[in-house]
Structure formats: structure tokens, C-alpha cells
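Residue-level structure breakdown
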Amino acid sequence: MRRLVLTALVSALVLGGCVGKATDKVEKKVPEETLQIVAAASLKDAFADIAREFERENPGVKVSNVFDGSTTLVQQLSEGFKADVFASADKKNMDKAVERGLVDDTASRVFATNQITAAVPAANPGQVKGLVDLAKRELKVVVCAPEVPCGNSTGKVLKKAGLQVTPVSQEQNVKAVSTKLASGEADAGFIYRTDVKAANGKITEIPTEVDADLLNKYPIAELKQAEHKKIARAFIKFVIGEKAQKILQGYGFGKP
């Protein structure tokens, strides 16, 4: 009987100790803050890596990314979508954000560049050999819509080349064009060099001459409505810093 009582007491003490330790761990947990980023679709892979590195260096911070065409993002922000940081694929849409009172006119910083290029599925079903071939009416060419950064850049490239292309579709972001090329739904299209690299051999670049003034410059800025201003500024500083720049360049982005 004494042994049974003693065993029960020891068990109670052990269990009590375990509960106490578990409670201590909960009490010491760092409160989590979520930083909401809205960024151009072409930044999806690079920003996913950057977010992980930023979280690792900033315990208690969770980065949530939303990706889409820059024009669409500006519209969503104008309609009340809550976010802390906006990263655009061009200056034009960042300027729109400024005009609509979403960003201070001196807040944005260019953190990367990208180049538009003609591209085809790896099998090249349309037998495209050069930019001039894209004017052939029998080819299924897919581009970004004119108001989207990649569409605006595509228009400039075609104008300089003196080519008229009749696309079968105009997409709202560059990832949609890239997906159609990779799946073989299109014979050719215009995407960024970073998207060619991200396709892992499913898409082939067609040599496209682009002057320095046609390079897409990517600006980033804290939004006026930001709920986590201190963290937003820290994230922007991180994106401009050496570690994030190496990640961006690893995905094919150029230096600011």
C-alpha cells in the first residue's frame, strides 16, 4: 500500500513538473507580427527566398507575399487592400501609387532591373528563329496587356523593331504568359529574362536587343497605410542590402 501511494505521489510530481515547463515555453514565445508585401508577379520566386531570409534574421516576424501584375496591385491597394510594402515592376505603376496617395513621392527606391525578351517553348513548334518571325500571322503569340509593365516594355521593343504582332491573348501578368509558353499553349511570347531562367529549360529565349533605357527598373516603397512601419522599413533596407541582392541576381535580375 505504501508503495502504491509513493508511486502515485512521484507520478503527480513528475506530471506537475512537465505541465510547468510547457507553460513556461508558451509564456516565452515571441509574439508574431505579419508584414504584408504586394509585389510584381515576376518577383515571386526571388521574394519567396528573400522573405525566408528576412524571417530568419527577424524572429517573430512573418512575411506574407501577394503577387500579381503591378497595375492590378495598384488597383487593389486603391480599393482598400491592406499592405505594408509595394514592389513594382516599373516606375510607371509606382508613380500611379504616388498619385493615388498610397506612397509618398520620395519614398521609393529602385532595387533591381529586368529585361524583356521574346521567347518560345523549348520544342519551338513555330520554328521561330528571330524576332521578325513573330509577325507571322499563323503563329500563336501571347503578350502582357499594354497597361502591365511587361506589356508596356513589349510595345516599346516591337515599335523599335518596326514590327506589328497580332497576339492571340493579352495577359494581366508575366507569369501567365510564361505558363502558356511552358505548356505549349503558345508558339511565342514576351516575358522577362528572369522568367526564362525560372522555367528550367521549358522555355527558350529568342535574342532580343534591348537598350539600357528599355530595362525595367523595379522600385520598392513603404505604403502610407502600413501598420508595421518599422518592420516595413527594415524589409526595404534588407531588399537593398547585399544578401537580398545576391538572391535577386541569382534569379537573373540586374543590379539597380
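Below, the structure is looked at part by part. Computed from a predicted structure; not experimentally measured. (Residues numbered from 1 in each chain as written. Predicted model: local features only at pLDDT ≥ 70, side-chain atom pairs only at ≥ 80, totals over all residues. Heavy atoms only, no water.)

**Let's talk about the packing of aromatic side chains**
All chains considered together, the criterion is met by seven aromatic pairs. Look at tyrosine 218 and phenylalanine 253: their rings are 5.4 Å apart centre to centre, the planes differ by 85°, and that puts the pair in the edge-to-face class. Taken together, the positions of tyrosine 218 in strand β10 (residues 216-222) and phenylalanine 253 in the segment after α9 (242-250) put the pair 35 residues apart, joining distant regions of the chain. Each member of the pair, tyrosine 218 as well as phenylalanine 253, is classed as buried. Every member of this aromatic cluster is reached through a ring pair, and the members are Phe47, Phe54, Phe111, Tyr192, Tyr218, Phe235, Phe238 and Phe253. (Phe/Tyr/Trp six-rings, centres within 6.5 Å; stacked < 30°, edge-to-face > 60°. Helix = DSSP H or I, 4+ residues; strand = E, 2+ residues; numbered from the N terminus. Buried < 20%, exposed > 50% of the residue type's maximum accessible area, 1.4 Å probe, protein only.)

**Describing the side chain of serine 153**
When you line up the elements, serine 153 lands in helix α5 (residues 149-161). Only 2.5 Å separates the side chain of serine 153 from the side chain of asparagine 216, close enough to count as a polar contact. For serine 153, the residues in contact, after removing those within four places along its chain, are Ile116, Leu214 and Asn216. (Polar contact = N/O pair within 3.5 Å; in protein donor to acceptor, adjacent residues only side chain to side chain. Contact = heavy atoms within 4.5 Å.)

**Quick look at the sheet that holds strand β3 (residues 85-87)**
Spatially, five strands are ordered β2-β1-β3-β10-β4 in an open sheet, and the strand pairing comes out mixed. Lying at the two open borders of the sheet, with one neighbouring strand each, are β2 (61-68) and β4 (109-114). On average, adjacent strands in this sheet sit at an angle of 20° to one another, irrespective of strand direction. Sheet topology places β4 next to β10; five bridges connect them, and they run antiparallel. For alanine 112, the partnering residue across the bridge sits in β10 and is tyrosine 218. Contacting β3 and β10, helix α4 (residues 91-99) runs over the sheet at an angle of about 30° to β10. (Pairing = 2+ DSSP bridges. Axes fitted to C-alpha atoms, helices over the stretch in contact; angles between N-to-C directions.)

Taken by themselves, the reported measurements are silent on function.
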